[in-house]
Amino acid sequence: MSSLLRLGGGLVRGGQRGSFLGVRMLHVSSRLDDIRAAALQKTLTTAPKALVAKDKLVFGHTFADHMLTVKWTAKGGWETPKINEYGPLSLDPSCSVFHYAFECFEGLKAYRDAHGKVRLFRPDKNMERMNRSVERLHLP
(Lines give C-alpha, C1' and ligand atoms only; values in the text may rest on other atoms or scores of the structure.)
Protein backbone atom coordinates (compact mmCIF):
# COMPACT_ATOMS: atom_id res chain seq x y z
CA MET A 1 0.00 0.00 0.00
CA SER A 2 1.14 3.50 -0.62
CA SER A 3 0.00 6.58 1.28
CA LEU A 4 -0.86 9.90 -0.32
CA LEU A 5 -1.67 13.28 1.13
CA ARG A 6 -2.82 16.20 -0.99
CA LEU A 7 -3.31 19.58 0.64
CA GLY A 8 -3.16 23.04 -0.85
CA GLY A 9 -1.79 21.79 -4.14
CA GLY A 10 1.04 19.87 -2.46
CA LEU A 11 1.38 16.14 -2.94
CA VAL A 12 3.19 13.63 -0.77
CA ARG A 13 3.31 9.97 -1.79
CA GLY A 14 4.32 7.03 0.31
CA GLY A 15 7.68 5.59 -0.56
CA GLN A 16 9.12 9.02 -1.25
CA ARG A 17 11.39 10.83 1.10
CA GLY A 18 9.81 14.17 1.65
CA SER A 19 8.72 16.68 4.17
CA PHE A 20 5.20 17.92 4.74
CA LEU A 21 4.81 20.57 7.41
CA GLY A 22 8.14 19.44 8.81
CA VAL A 23 7.10 15.78 9.10
CA ARG A 24 9.34 13.21 7.42
CA MET A 25 7.22 10.84 5.33
CA LEU A 26 8.74 7.39 4.95
CA HIS A 27 6.54 4.51 3.81
CA VAL A 28 6.96 1.34 1.88
CA SER A 29 5.13 1.72 -1.42
CA SER A 30 3.71 -0.97 -3.63
CA ARG A 31 3.54 -1.21 -7.40
CA LEU A 32 -0.10 -0.03 -7.29
CA ASP A 33 -1.26 3.46 -8.15
CA ASP A 34 -1.68 6.16 -5.54
CA ILE A 35 -5.03 7.75 -4.70
CA ARG A 36 -6.46 9.64 -7.68
CA ALA A 37 -7.45 12.99 -6.12
CA ALA A 38 -8.88 14.20 -9.46
CA ALA A 39 -11.44 11.37 -9.34
CA LEU A 40 -12.87 12.58 -6.00
CA GLN A 41 -16.65 12.11 -5.75
CA LYS A 42 -18.63 14.35 -3.38
CA THR A 43 -22.06 13.79 -1.85
CA LEU A 44 -22.59 16.73 0.47
CA THR A 45 -25.17 17.06 3.21
CA THR A 46 -28.30 19.07 2.53
CA ALA A 47 -28.64 19.89 6.24
CA PRO A 48 -25.29 21.12 7.60
CA LYS A 49 -24.93 21.41 11.37
CA ALA A 50 -24.53 24.81 12.99
CA LEU A 51 -20.91 25.91 13.36
CA VAL A 52 -19.45 25.44 16.82
CA ALA A 53 -17.39 28.23 18.36
CA LYS A 54 -13.66 27.41 18.56
CA ASP A 55 -13.67 27.48 22.35
CA LYS A 56 -16.56 24.96 22.38
CA LEU A 57 -14.88 22.35 20.14
CA VAL A 58 -14.28 19.14 22.06
CA PHE A 59 -11.92 16.51 20.69
CA GLY A 60 -13.77 13.23 20.18
CA HIS A 61 -17.19 14.88 20.60
CA THR A 62 -17.41 17.57 17.90
CA PHE A 63 -17.59 16.11 14.40
CA ALA A 64 -17.68 17.49 10.86
CA ASP A 65 -20.63 17.11 8.49
CA HIS A 66 -18.57 15.00 6.10
CA MET A 67 -15.91 12.31 5.98
CA LEU A 68 -13.48 11.07 3.34
CA THR A 69 -13.33 7.36 2.60
CA VAL A 70 -11.05 5.55 0.16
CA LYS A 71 -11.35 1.79 -0.17
CA TRP A 72 -8.16 -0.21 -0.78
CA THR A 73 -7.82 -3.81 -1.94
CA ALA A 74 -4.71 -5.92 -2.46
CA LYS A 75 -5.79 -6.68 -6.02
CA GLY A 76 -6.91 -3.23 -7.19
CA GLY A 77 -5.17 -0.81 -4.85
CA TRP A 78 -6.87 2.50 -4.09
CA GLU A 79 -10.40 2.93 -5.38
CA THR A 80 -12.27 6.20 -6.00
CA PRO A 81 -11.99 8.66 -3.08
CA LYS A 82 -15.38 9.79 -1.79
CA ILE A 83 -16.57 12.58 0.48
CA ASN A 84 -19.92 11.65 2.01
CA GLU A 85 -22.05 12.73 4.92
CA TYR A 86 -20.62 11.81 8.32
CA GLY A 87 -22.00 8.47 9.41
CA PRO A 88 -21.29 4.94 10.55
CA LEU A 89 -18.54 2.92 8.91
CA SER A 90 -19.55 -0.38 7.36
CA LEU A 91 -17.21 -3.25 8.28
CA ASP A 92 -17.56 -6.86 7.23
CA PRO A 93 -17.83 -9.17 10.27
CA SER A 94 -14.85 -11.16 8.97
CA CYS A 95 -12.51 -8.15 8.67
CA SER A 96 -9.21 -8.68 10.42
CA VAL A 97 -9.64 -5.82 12.89
CA PHE A 98 -12.25 -7.90 14.73
CA HIS A 99 -9.99 -10.94 14.83
CA TYR A 100 -6.41 -9.69 14.94
CA ALA A 101 -6.60 -5.91 15.56
CA PHE A 102 -4.18 -5.27 12.71
CA GLU A 103 -5.60 -1.98 11.43
CA CYS A 104 -4.67 1.68 11.55
CA PHE A 105 -7.00 4.70 11.54
CA GLU A 106 -6.18 8.38 11.82
CA GLY A 107 -8.78 11.14 11.57
CA LEU A 108 -7.53 14.46 10.19
CA LYS A 109 -9.73 17.37 11.25
CA ALA A 110 -10.58 20.40 9.11
CA TYR A 111 -12.71 23.39 10.04
CA ARG A 112 -13.97 26.44 8.14
CA ASP A 113 -12.89 29.74 9.72
CA ALA A 114 -14.85 32.99 9.99
CA HIS A 115 -13.60 34.01 6.51
CA GLY A 116 -14.74 30.78 4.85
CA LYS A 117 -11.25 29.29 4.51
CA VAL A 118 -10.66 25.67 5.45
CA ARG A 119 -8.20 25.25 8.31
CA LEU A 120 -6.63 21.93 9.20
CA PHE A 121 -6.25 21.00 12.85
CA ARG A 122 -2.65 19.90 13.50
CA PRO A 123 -2.07 17.86 10.31
CA ASP A 124 1.59 17.50 11.23
CA LYS A 125 0.64 15.70 14.45
CA ASN A 126 -1.79 13.45 12.54
CA MET A 127 0.94 12.43 10.09
CA GLU A 128 3.43 11.85 12.92
CA ARG A 129 0.90 9.57 14.68
CA MET A 130 0.01 7.73 11.47
CA ASN A 131 3.66 7.18 10.59
CA ARG A 132 4.43 5.88 14.10
CA SER A 133 1.38 3.62 14.05
CA VAL A 134 2.03 2.02 10.65
CA GLU A 135 5.70 1.54 11.48
CA ARG A 136 4.82 -0.10 14.79
CA LEU A 137 2.27 -2.37 13.08
CA HIS A 138 4.59 -3.07 10.13
CA LEU A 139 1.85 -1.97 7.75
CA PRO A 140 2.90 -0.92 4.26
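- As annotated in an unreviewed UniProt entry, the chain is Branched-chain-amino-acid transaminase bat2 from Coemansia furcata.

**Observations concerning the environment of Ala 114**
At step 1: With respect to the helices, strands and loops of the structure, Ala 114 is situated in the loop between β10 (109–112) and β11 (118–121).
At step 2: For Ala 114, a relative accessible area of 82% gives the class exposed.
At step 3: C-alpha of Ala 114 to C-alpha of Leu 51: the two residues are 63 residues apart in sequence and 9.9 Å apart in space.

**Side note on the side chain of Thr 45**
At step 1: Along the chain, the position of Thr 45 falls in the loop between β5 (41–42) and β6 (66–69).
At step 2: We classify Thr 45 as buried; its relative accessible area is 15%.
At step 3: Within the local environment of Thr 45, its side chain forms a polar contact with the side chain of Glu 85, the two groups lying 3.2 Å apart.

**Some details on unusual backbone geometry**
At step 1: The phi torsion at Arg 122 lies on the positive side, around 50 degrees, for a residue other than glycine.
At step 2: As for its placement among the helices and strands, Arg 122 is situated in the loop between β11 and α2 (123–137).
At step 3: Under the relative-accessibility criterion, Arg 122 is labelled partly exposed at 43%.

**What to know about a nonpolar patch on the surface**
At step 1: Taken together, the side chains of Leu 89, Leu 91, Val 97, Phe 98 and Phe 105 make up a nonpolar region of the molecular surface, amounting to roughly 550 Å² of accessible area.
At step 2: As for its placement among the helices and strands, Phe 105 is situated in the loop between α1 (96–99) and β10.
At step 3: Classification of Phe 105 by relative accessible area gives exposed; the value is 68%.

**Observations concerning the packing of aromatic side chains**
At step 1: Counted by the stated rule, this structure contains one aromatic pair.
At step 2: In this structure, Lys 49 is placed above the aromatic ring of Tyr 86, and the distance from its NZ or CZ to the ring centre is 5.8 Å.

**Considering the sheet that holds β6**
Within a sheet, each strand pairs with its neighbour through backbone hydrogen bonds, oriented either parallel or antiparallel.
At step 1: Ordered in space as β5-β9-β6, the three strands form an open sheet in which the pairing is mixed. Two strands close off the open sheet at either side, each with one partner strand: β5 and β6.
At step 2: Two elements, β5 and strand β9 (residues 82–85), share two bridges in a ladder whose sense is parallel. For Gln 41, the partnering residue across the bridge sits in β9 and is Lys 82.

Cut-offs and rules
- Residues numbered from 1 in each chain as written.
- Predicted model: local features only at pLDDT ≥ 70, side-chain atom pairs only at ≥ 80, totals over all residues.
- Heavy atoms only, no water.
- Helix = DSSP H or I, 4+ residues; strand = E, 2+ residues; numbered from the N terminus.
- Buried < 20%, exposed > 50% of the residue type's maximum accessible area, 1.4 Å probe, protein only.
- Polar contact = N/O pair within 3.5 Å; in protein donor to acceptor, adjacent residues only side chain to side chain.
- Patch = residues over 30% accessible without salt bridge, like charges linked within 9 Å, V, L, I, M, F, W, Y side chains within 5 Å.
- Areas by Shrake-Rupley, 256 points an atom, 1.4 Å probe, with all protein chains shown as cover.
- Salt bridge = Lys/Arg side-chain N within 4 Å of Asp/Glu carboxyl O.
- Phe/Tyr/Trp six-rings, centres within 6.5 Å; stacked < 30°, edge-to-face > 60°.
- Lys NZ or Arg CZ within 6 Å of the ring centre and 35° of its normal.
- Pairing = 2+ DSSP bridges.

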